[in-house]
Amino acid sequence: MTPAARYAAAIDILDRIQTGEVAERALTNWARGHRFAGSKDRAAIRDHVFDVLRCKASAALAGGGAQGRALVAGLLRLQGTDPATVFTGEGFAPDPLSDEERAALSKPLPDDIAQLDWPDWLRDQLAADLGSDFDDISEAMRARAPVFLRVNLAKADRAEAIAVLAKDGIEAFPHPLAETALELGEGARRIQQAEAYTDGLVELQDAASQAAIASVPIAAGQRVLDYCAGGGGKALALAAACPEAQIAAHDIDAGRMRDLPVRAKRAGTKVAMRAPGDPGTGYDLVVVDAPCSGSGTWRRTPDAKWRLSAARLAELVTLQSEILDVARDLVAPGGRLVYMTCSLLSVENGAQIADFVTRHGCELVSQRQFAPLSGGDGFFVAQLQL
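No experiment lies behind these values; they were computed from the predicted model shown.

Draft legend 1. Main features of the sheet that holds strand β4 (residues 202–204). Strand order across the open sheet formed by four strands is β2-β3-β1-β4, with antiparallel pairing between neighbours. The open sheet terminates on both sides in strands that have one partner only, identified here as β2 (172–174) and β4. The mean angle between the axes of side-by-side strands here comes to 35°, regardless of whether they run parallel or antiparallel. Along the sheet face, helix α9 (residues 158–167) touches β1 (148–151), β2, β3 (181–184) and β4 and points at about 25° away from the line of β3.

This is the structure in structure tokens:
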């Protein structure tokens, strides 16, 4: 496919998303109906679609509309590319721009356009929560997120992992957020076929998430539970950090943990699987990576920010409180409860923890909010002594 034809495909997919189809499903369905598109074509089209979704509101303003053509034209304008060079009508390129479209593309744009790329109903709340960093974070969230790896200390150190990745043509650089963190450069798309990945030397994990886990005190012999384990990334990181601890993983949906035994075997670590609704009790440490808005990860899942509603956020805040109450009862007296989210919102983070401390009278040992300005995702971690 030509570069212009890839933009035409992105327009088609964006129109599907505008009808309510989830981005990943729209991309998959398009690929099934266009099997001539190679892997490089699909990757480029995906990039175009997600670039638009990160900047959907500003792209709509720049392009003069909310449909695929206007969004792609608006994105090109925001990126400093003349849309007319793509909208040529030649071959499989998008049709040439109409006079009306050209007029829309010539209208001036506001200086604070990055602020548009938050949901309207959430913008004021984010501005209050992020304070003086609001403008910079708004701009950062419009760009693609870096690809990070966690070095599995049970098998390698950073230097060894970097050397093995280099053999497969993958650039990796130490990242300051965590001692285990690597940021990928050239070749990042090939990571899941790389020797370092298949042999368990590295796992995909955001740098801020790694830093949060690294801050958790864990000792040999301790009983540790990853309560909302999902795919088990936190449990694997804890097991690698302290192989002598007894790590267990639990999730209310067992299907989310289906790959965890394979990942643990690949990593050379031990993680016990707990059945849904039967997490056990008496743990020295319980980690709760709670369901949340995901606002700190919207660079990676930009369609999610446009689908979140005020009602859904309220439901999540209530659910987080309920999960914390349940998790508290799983901790042994004198043990520690660690609460995490991939959110930028105080209502899910500091305010949630303040409410918990008020209700239960426990000690808040520490809390930290990571912002995308430090390189990783938006992430929050709080440690409570019970």
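Draft legend 2. Local environment of the sheet that holds strand β9 (residues 331–341). With mixed pairing, seven strands are arranged side by side in an open sheet as β7-β6-β5-β8-β9-β11-β10. Taken across any chain shown, the strands that pair with only one partner, and hence form the sheet edges, are β7 (272–273) and β10 (363–370). Taken together, the four bridges between strand β5 (residues 223–226) and strand β6 (residues 246–249) define a ladder with parallel strand orientation. Residue pairing across strands places aspartate 226 opposite alanine 249, the latter belonging to β6. Lying over the sheet, helix α12 (residues 233–241) contacts β5, β6, β8 (283–289), β9 and β11 (379–385), oriented at roughly 175° with respect to β6.

Draft legend 3. Just the pattern of salt bridges, in detail. For the structure on display, the rule yields 27 salt bridges. The residue aspartate 47 makes a salt bridge to arginine 189 at a minimum N-O spacing of 2.4 Å. Of this pair, aspartate 47 sits in helix α3 (residues 39–54) while arginine 189 sits in the loop between β3 and α10 (195–198), and the two are 142 residues apart along the sequence. Residue classification places aspartate 47 among the buried residues on the basis of a relative accessible area of 17%. When the shortest N-O distance is used, the salt bridge between lysine 167 and glutamate 195 registers 3.5 Å. Within this pair, whereas lysine 167 is found in helix α9, its partner glutamate 195 is found in helix α10, the two being separated by 28 residues in sequence. Taking relative accessible area as the criterion, glutamate 195 reaches 34% and is therefore assigned partly exposed.

Reading the values: the criteria
- Residues numbered from 1 in each chain as written.
- Predicted model: local features only at pLDDT ≥ 70, side-chain atom pairs only at ≥ 80, totals over all residues.
- Heavy atoms only, no water.
- Pairing = 2+ DSSP bridges.
- Helix = DSSP H or I, 4+ residues; strand = E, 2+ residues; numbered from the N terminus.
- Axes fitted to C-alpha atoms, helices over the stretch in contact; angles between N-to-C directions.
- Contact = heavy atoms within 4.5 Å.
- Salt bridge = Lys/Arg side-chain N within 4 Å of Asp/Glu carboxyl O.
- Buried < 20%, exposed > 50% of the residue type's maximum accessible area, 1.4 Å probe, protein only.

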